[in-house]
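Survey of secondary and tertiary structure
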Amino acid sequence: MKQYCDGGEAILEAFRSLGLDYIISSPGSEWSPVWEALARQKVNQRSGPSYIDCWHETLAVDMAMGYTQITGHMQAVLLHAGAGLLQGSAGMHSAMLAEVPMIIMSGESVSFGEDPKQAIEPQWYRSLSIVGGPQRLVEPVTKSATQAGSVHTLYEHVVRAGEYAQRTPMGPVYLNAPLEVMLQEWTPRDSPRRVPPPPNTRAKDADVEKIAELLAGARNPVILTDTAGRDPAAFVALVELADLFGIPVGGRAVFANFPKDHPLHLGSGIQPFLKDADLVLLVGCRAPWYPPSHKPTTGTVVAIDENPLKGTMVYQSLQADHYLEGEIATSLHLLVEAAKTASIAAGKHAERRAGWQREHDRIVAAERAAEAKAKNGDKIDPLALVGALRQAMPPDAVYVEETITHAGILQQHLPWSQPQSFFRAGGGLGQGLGTALGVKLGAPKRPVAALIGDGSFLYNPVVQALGAAKGNDLPILIVVCNNGQYRAMQTGHLHHYPDGVAQEADIWHGVAIDGPDYAELGRPFGFHGQKVERPAELPGAVRNAMRAVSDGKTAILNVALSR
């Protein structure tokens with residue numbers, strides 16, 4: 001038994017130096033050097049990342065993304081050649097938009113069998129090569145895309161890719177490792193270093209003081225946030241800041257940014273109050289209003305973010321008057337400390353806080369009344385589904401949402417009070433199941449529910465995701481929000497042609513979905529499934545599904561919605 005030490009070992013050693021937990025892969029034939037290195041790792045009882053095999057490239061990328069979002073730990077994804085990169089590019093685009101760090105690698109051949117000293121399989125010459133290199137395929141959807149040209153630079157190339165992926169703005173970094181490079185002999189470092197974590201960025205003291213002064217003098221401040229909750233520390237810090245100044249918090253939820261049971265939480269209900277705000281704090285908001293340049297207030301706007309101006313966006317207009325650039329949790333803590341130094345106590349804004357609590361209570365009462373009313377219909381309203389989830393799901397449940405028509409309803413009504421309880425699968429459709437499985441991989445003790453529209457569901461690699469759930473012991477609840485159509489298609493059509501022929505003649509294209517009974521799709525894997533068509537069936541169906549999940553089986557609920 002020969003113990004090789006080649007480029008495959010260099011890659012694995014770099015992953016160890018970066019402290020990666022997993023190599024998540026939808027692999028190709030170029031990866032035999034890494035497979036051999038992983039086999040040596042096990043036989044030699046060395047510590048290092050575990051290997052997860054996926055049946056689809058987008059699924060592999062999405063699982064890495066979900067895992068990183070809930071743990072904060074970057075992972076590696078190994079894909080196959082050019083075709084594999086194209087398959088995984090939708091997931092890379094989502095990771096890029098979400099600023100999720102990730103190392104993505106694939107290989108190629110650069111000798112095409114012409115090197116008499118190195119036999120290379122013929123598929124590279126006949127089918128798999130990309131003119132200019134595979135990195136050309138993913139340059140628009142990664143932070144960086146480059147090639148390792150020598151085994152002597154391969155280890156540092158991978159380490160640099162991991163370090164760069166975690167620097168602001170974070171994102172996926174692609175590295176092409178040709179098969180000929182990986183097969184070359186490699187000499188390990190005498191004392192390999194443990195790569196330090198990325199440093200936290202911090203706003204300037206002068207900027208903190210300026211924003212603290214604005215807060216102290218504001219009569220009617222509000223906070224909008226999309227993504228503050230990606231960091232649990234920022235979730236906590238935002239609560240502290242809001243409590244201190246009596247500021248309501250709302251906005252579009254990409255993460256669980258603020259506890260729903262907090263008296264200052266307004267969610268989307270904050271929109272009518274923006275016009276009277278004299279100070280708006282955009283805490284992790286990349287697109288707070290639309291059209292972008294039409295801000296709804298004459299008040300001062302402050303953007304608080306590590307990376308407020310997004311290079312991933314073709315156009316962006318925050319209308320910000322001030323920026324507080326640095327890690328969000330740190331910036332919020334600095335504002336709180338500045339306020340305390342200025343002797344601003346928690347009780348100073350008690351009257352303002354009490355007014356917003358009354359508004360919070362009114363919004364919550366209206367939501368519960370709407371949910372209660374929805375139970376009484378013959379068909380299942382989306383609010384009845386939320387009500388059933390509220391009753392049956394435990395407080396530590398994690399929701400991964402990938403819908404279009406029902407996104408606003410779910411984000412406003414789903415219950416959460418803990419950090420990392422909600423994740424919006426963004427980018428192109430088809431990322432929800434993989435993200436949910438990655439979240440479950442990172443939080444195995446928390447129940448995870450993927451809420452996916454029937455249209456969105458059909459964009460996902462469903463069979464491959466169910467295989468990953470079974471093969472890696474990742475039981476999740478999948479709720480298909482089934483209204484039998486791509487409602488967004490019809491909504492867009494009516495927006496532009498409200499009095500057109502399609503409306504008058506009831507002729508719609510690209511709208512109807514003649515889908516299967518989604519609950520049956522888990523049967524080959526031994527999963528629980530149920531189609532739910534009446535409101536009265538919902539509570540029991542959710543409880544039965546959660547019992548199956550507790551028993552280690554993924555459950556699929558096909559919920560027929562009225563709209």
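Structure's up top.
Quantities reported herein were computed from a predicted structural model and do not represent experimental measurements. (Residues numbered from 1 in each chain as written. Predicted model: local features only at pLDDT ≥ 70, side-chain atom pairs only at ≥ 80, totals over all residues. Heavy atoms only, no water.)

**Quick notes on helix α1 (residues 7-17)**
The periodicity of an α-helix, 3.6 residues per turn, causes residues three or four places apart in sequence to face the same way. In terms of burial, α1 is a largely internal element, eleven of the eleven residues being buried. Residues of α1 that are buried in the fold lie against β1 (22-25), α2 (32-43), β3 (75-78), β4 (102-106), α7 (151-165) and α8 (179-182). Between the side-chain oxygen at the start of α1 and the backbone nitrogen of Gly 8 there is a gap of 3.1 Å, and the oxygen is on Asp 6. Immediately downstream of α1, the backbone of Gly 19 shows phi near 75°, a positive value. (Buried < 20%, exposed > 50% of the residue type's maximum accessible area, 1.4 Å probe, protein only. Helix = DSSP H or I, 4+ residues; strand = E, 2+ residues; numbered from the N terminus. Contact = heavy atoms within 4.5 Å. Polar contact = N/O pair within 3.5 Å; in protein donor to acceptor, adjacent residues only side chain to side chain.)

**What to know about the sheet that holds strand β8 (residues 249-250)**
In space, the six strands of this open sheet follow the order β9-β8-β7-β10-β11-β12, with parallel pairing throughout. Of all the strands in the sheet, the pair left with one neighbour each is β9 (265-267) and β12 (322-325). Sheet analysis places strand β7 (residues 221-225) next to β8, joined by two bridges and oriented parallel. Directly across from Ile 223, in β8, lies its bridge partner Val 249. Packing of helix α10 (residues 232-245) onto the sheet brings it into contact with β7, β8 and β10 (279-283), and relative to β7 it is tilted by some 165°. Strands in contact with helix α12 (residues 350-374) are β7 and β9; relative to β9, the strand with the most contacts, it is inclined by about 50°. (Pairing = 2+ DSSP bridges. Axes fitted to C-alpha atoms, helices over the stretch in contact; angles between N-to-C directions.)

**Describing the pairing of strand β13 (residues 398-402)**
With five of five residues buried, β13 lies mostly within the body of the structure. With five bridges connecting them, β13 and strand β15 (residues 448-453) associate as parallel partners. Residue pairing in the sheet places Glu 402 in a bridge with Ile 452 of β15. With three bridges connecting them, β13 and strand β14 (residues 422-424) associate as parallel partners.

**Quick word on the nonpolar core**
Where a protein is soluble and globular, its nonpolar side chains tend to be buried together. Counting residues in hydrophobic clusters, the biggest one holds 53 residues, and the most contacted among them are Met 63, Met 102 and Leu 437. At eight residues, the largest contribution of residues to this core is made by helix α3 (residues 57-71). If we ignore the near neighbours within four places in the chain, the residues touching Met 63 are Ile 24, Ile 52, Cys 54, Gly 434, Leu 437, Gly 438, Ala 468 and Leu 474. Formed by 49 residues, the second largest nonpolar core is a distinct cluster that contains Leu 224, Ile 247, Val 302 and Trp 356. (Core = buried A, V, L, I, M, F, W, Y, C linked by side-chain atoms within 4.5 Å.)

**Some details on helix α9 (residues 205-217)**
Its 13 residues place the ends of α9 18 Å apart at the C-alpha level, agreeing with the 18 Å of an ideal helix rising 1.5 Å per residue. For α9, the full list of buried residues reads Val 208, Ile 211, Ala 212 and Leu 215. Projected down its long axis, α9 carries its buried residues within an arc of 105°, all on one side. Residues of α9 that are exposed and point more than 90 degrees away from the buried face comprise Ala 206, Glu 209, Glu 213 and Gly 217. Check the buried side of α9 and you find it contacts α10, β10, β11 (300-305), β12 and α11 (328-341). (Expected span 1.5 Å × (residues − 1). Arc of directions from axis to C-beta.)

**With respect to the pattern of salt bridges**
This structure, assessed with the given rule, holds 21 salt bridges. Two residues, Asp 243 and Arg 353, come together in a salt bridge whose shortest N-O distance is 2.5 Å. One end of the pair, Asp 243, is in helix α10; the other, Arg 353, is in helix α12, and 110 residues separate them in sequence. Judged by its relative accessible area of 25%, Asp 243 falls in the partly exposed class. Overall, the relative accessible area of 25% leaves Arg 353 in the partly exposed class. Ionic pairing is found between Lys 531 and Glu 533, a salt bridge with its closest N-O pair at 3.9 Å. Salt bridges sharing common partners tie together Glu 9, Glu 13, Arg 16, Arg 40 and Arg 46. (Salt bridge = Lys/Arg side-chain N within 4 Å of Asp/Glu carboxyl O.)

**Overview of the sheet that holds strand β2 (residues 50-53)**
Strand order across the open sheet formed by six strands is β2-β1-β3-β4-β6-β5, with parallel pairing between neighbours. Each of the sheet's edge strands pairs with one partner strand only, and the pair in question is β2 and β5 (144-147). In this sheet, neighbouring strand axes are inclined to one another by 20° on average, regardless of whether the strands run parallel or antiparallel. Taken together, the four bridges between β1 and β2 define a ladder with parallel strand orientation. Across the sheet, Tyr 22 pairs through a bridge with Ser 50, a residue of β2. Packing against the sheet, α1 makes contact with β1, β3 and β4, and its axis sits at approximately 175° to β4.

**So, the packing of α1 against α2**
Interhelical geometry of α1 versus α2 gives an angle of 60° and a closest axis separation of 7 Å. With respect to α2, the element α1 is oriented oblique. Between α1 and α2 lies a crossing of right-handed hand. Taken together, the residues of α2 that come into contact with α1 (itself represented by Gly 8, Glu 9, Ile 11, Leu 12 and Arg 16) are Pro 33, Val 34, Ala 37, Leu 38, Arg 40 and Gln 41. (Parallel < 35°, antiparallel > 145°, perpendicular 65-115°, else oblique. Left-handed = near helix turned anticlockwise from the far one by under 90°.)

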